[in-house]
Amino acid sequence: MVEKNLDFRSDTVTKPTPEMWKAIANAPIGDDVYREDPTVNKLEHIAAEILGKEAGLFVTSGTQGNAVSVLAHTERGDEIILEARSHIYLNEVGGLAVMGSLMARTIKGELGWLKPEDIKTAIRRDNIHYPPTSLLCVENTHNSAGGIPLTPEQLKADWNVAKDYDLGVHMDGARVFNAAVALGVDVKELTQYADTVQICLSKGLSAPIGSMVVGTEELVDRARKYRKMLGGGMRQAGIIAAPGIIALTKMVDRLADDHENAKLLEEGLKRIEGIKILNPVRTNMVYIDIAGLGWTGLEWGEACGKLGWRSRGYGTTVRLCTHYGIEREDIVSFLEGITKLVPMV
Ligand code: TLP
């Protein structure tokens, strides 16, 4: 029996499966700073293998994973290229500037994808006045664009430009398994176009804590040093790595259910006058604008609360995320309920 988790705010709210709880209780552990935690070592090995990279590193969060990856690729004063609404640029507390002394060069993407010609234009040529451009960051799926999966072809085109100019490529793959499932490709087909990849165990894959950074031995070694600097050397971390192993080996295929549920939600919400769907729904996110209902985000949240759901709006934009703990029948009953509660427009 799946424990219900009627919360649309994010897939970060997912809780461990019963199997994860057992793994937590039984995990063999050791001091991971000495590289002696067998469960962390196993998780790092599995992640590297699944994602097609030489090495893996267990980190506390997606934000920490992106930070140590970006630091591993760059030197103080470099410029890095990011999509204008990427998570690293918008939602990571400006860490790239604070920790890396990096300049951010942002480009507006097309549904989250940076067009190769735009990247080319943004790369600084050798000039006494310019900071060197050293890194391109891509995000897959792209969260703010609507959980959009970037295809191998799109990623390859960006990678080729980056490599023509000797840039590193980092993928914020917080939800890259959603992308792989939605596109019906092996995740390696996506991750091959990045030197480092950060993936979240704690979102749709339902582990309680943590992310992985994978990449070349050299970059992961550098990232490991930065993780220690940031206080992320976690000692007996096998306790939290154990559910991560289950996340990677058992929780990927079920992401397809989340995508189907998001589609069902989109179809139902589309029929409600006053609600506008803002994104093509391709994975587990539906962004809506509720201005046409005459409601604020707060009023939307209160209405959802009456139905036993948590949901939150920013202004009149609301993101609804599907995940483990939400099933088809829950979406059906939510749609019935909300249809009755919305004002007639
Ligand atoms: N995203 C969270 C919020 O921070 C917005 C969410 O609810 O979606 N990359 C991407 C693309 C993300 O969406 C997130 C989290 C992260 C990185 C950071 O992961 P955490 O929360 O583990 O630091």
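Notes on the structure in this doc start here.

Reading the values: the criteria
Residues numbered from 1 in each chain as written. Predicted model: local features only at pLDDT ≥ 70, side-chain atom pairs only at ≥ 80, totals over all residues. Heavy atoms only, no water. Pairing = 2+ DSSP bridges. Helix = DSSP H or I, 4+ residues; strand = E, 2+ residues; numbered from the N terminus. Buried < 20%, exposed > 50% of the residue type's maximum accessible area, 1.4 Å probe, protein only. Patch = residues over 30% accessible without salt bridge, like charges linked within 9 Å, V, L, I, M, F, W, Y side chains within 5 Å. Areas by Shrake-Rupley, 256 points an atom, 1.4 Å probe, with all protein chains shown as cover. Salt bridge = Lys/Arg side-chain N within 4 Å of Asp/Glu carboxyl O. Lys, Arg positive; Asp, Glu negative; His and termini not counted. Charge placed at Lys NZ, Arg CZ, Asp CG, Glu CD. Phe/Tyr/Trp six-rings, centres within 6.5 Å; stacked < 30°, edge-to-face > 60°. Lys NZ or Arg CZ within 6 Å of the ring centre and 35° of its normal. Arc of directions from axis to C-beta. Contact = heavy atoms within 4.5 Å. Near = heavy atom within 4 Å. Polar contact = N/O pair within 3.5 Å; in protein donor to acceptor, adjacent residues only side chain to side chain.

Right, let's talk about the sheet that holds strand β8 (residues 276-277) for a bit. The pairing of strands in a sheet happens through backbone hydrogen bonds and is either parallel or antiparallel. Judged by pairing direction, the sheet is antiparallel, and its four strands sit side by side in the order β8-β9-β11-β10 without closing on themselves. Edge positions in the open sheet fall to β8 and β10 (313-314), since each of these has one partner strand only. Taken together, the five bridges between strand β9 (residues 285-289) and strand β11 (residues 317-321) define a ladder with antiparallel strand orientation. Of the residues in β11, the one forming a bridge with Val286 is Leu320.

With that settled, consider the pairing of strand β6 (residues 196-200). Burial runs high along β6: five of the five residues are buried. The alternating pattern of β6 places Thr196, Gln198 and Cys200 on one face and Val197 and Ile199 on the opposite face, and all of these are buried. The sheet contact formed by β6 and strand β7 (residues 211-215) spans five bridges and is antiparallel. By the bridge assignment for β7, Val197 is matched with Val214.

Where like charges cluster on the molecular surface, the negative patch consists of Glu54, Glu217, Glu218 and Asp221. Structurally, the position occupied by Glu217 is in helix α10 (residues 217-229).

Further remarks concern the packing of aromatic side chains. Applying the stated criterion to the full structure yields six aromatic pairs. Ring centres of Trp300 and Phe334 lie 6.3 Å apart, and the angle between their planes is 70°; on these two criteria the pair is classed as edge-to-face. Of this pair, Trp300 sits in helix α13 (residues 297-306) while Phe334 sits in helix α14 (residues 328-341); the two residues are 34 residues apart in sequence, bridging distant segments of the chain. The exposure class assigned to Trp300 is buried, which follows from its relative accessible area of 0%. Clustering of aromatic rings is evident, with ring pairs tying together Phe8, Trp295, Trp300, Trp309 and Phe334. One cation-aromatic arrangement involves Lys163 over Trp159; the distance from NZ or CZ to the ring centre is 4.7 Å.

On to helix α1 (residues 18-26), then. Within α1 the residues assigned to the buried category are Met20, Ala23 and Ile24. Along α1, the residues classed as buried sweep out an arc of 105° about the axis, all on the same side. Set apart from the buried face of α1 by more than 90 degrees, the exposed residues are Pro18, Trp21, Lys22, Ala25 and Asn26. Check the buried side of α1 and you find it contacts α11 (238-250).

Taken together, the neighbourhood of the ligand is formed by 15 residues, with Ser10, Gly62, Thr63, Asp172 and Arg319 sitting nearest. Take Asn143: an N or O atom from its side chain is 2.9 Å from an oxygen atom of the ligand. Relative to its free-state accessible area of 510 Å², the ligand is covered by the protein chains to the extent of 80%. Here the element with the most residues in the shell around the ligand is helix α3 (residues 62-73); it accounts for three residues.

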